[in-house]
Amino acid sequence: MKFPIVKHSIVVAGRKTSVSLEDEFWKAFREIASERDLTLSDLAATIDDNRHEGNLSSAIRQFVLGQYRNQISEHQGRAAHERLVAGAAHVAH
């Protein structure tokens with residue numbers, strides 16, 4: 001399955017640039033910015049400031065992937081906690 005890469009224009013730290021992202025990464029990037037009540041430009045600037053190597057497009061992909069990995073880890077942690085609490089309640093009875 002091939003995912004087309006689309007160029008998107010964005011202003012980062014006052015300069016216009018473009019990032020090349022697959023639609024799914026672009027949608028996720030927009031959702032994360034919205035959830036944080038940030039503009040795409042502000043979130044991109046933060047990512048740009050914190051990247052150590054590679055281009056901005058790659059840094060955005062890594063950021064989006066990291067956000068979803070964190071959500072999975074948090075969900076797994078909550079589920080494990082709930083199982084532990086349920087098990088303790090069962091033992092107490």
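Residues numbered from 1 in each chain as written. Predicted model: local features only at pLDDT ≥ 70, side-chain atom pairs only at ≥ 80, totals over all residues. Heavy atoms only, no water.

What about the pairing of strand S2 (residues 15-22)?
- Relative to S2, strand S1 (residues 5-12) is paired through 8 bridges, and the arrangement is antiparallel. Its bridge partner lying in S2, valine 6 is registered against leucine 21.
- Between S1 and the antiparallel strand that follows it, S2, lie 2 residues; alanine 13 among them carries a positive phi value of about 55 degrees. (Pairing = 2+ DSSP bridges. Helix = DSSP H or I, 4+ residues; strand = E, 2+ residues; numbered from the N terminus.)

Points about the environment of asparagine 50
- With respect to the helices and strands, asparagine 50 occurs in helix H2 (residues 40-50).
- According to the relative accessible area criterion, asparagine 50 is exposed, its value standing at 53%. (Buried < 20%, exposed > 50% of the residue type's maximum accessible area, 1.4 Å probe, protein only.)

Topic: the packing of aromatic side chains
- Within this structure, the stated rule accounts for 1 aromatic pair.
- Taking the centre distance of 5.8 Å and the plane angle of 55 degrees together, the rings of tryptophan 26 and phenylalanine 29 count as tilted. Pair noted here: tryptophan 26 and phenylalanine 29 are both in helix H1 (residues 23-35), with a separation of 3 residues, about one helical turn.
- Accessibility expressed as a relative area gives 0% for phenylalanine 29, which makes it buried. (Phe/Tyr/Trp six-rings, centres within 6.5 Å; stacked < 30°, edge-to-face > 60°.)

A word on the environment of alanine 13
- On the secondary structure map, alanine 13 appears in the loop between S1 and S2.
- Through-space distance from the C-alpha of alanine 13 to that of alanine 44 is 8.8 Å; in sequence the pair is 31 residues apart.

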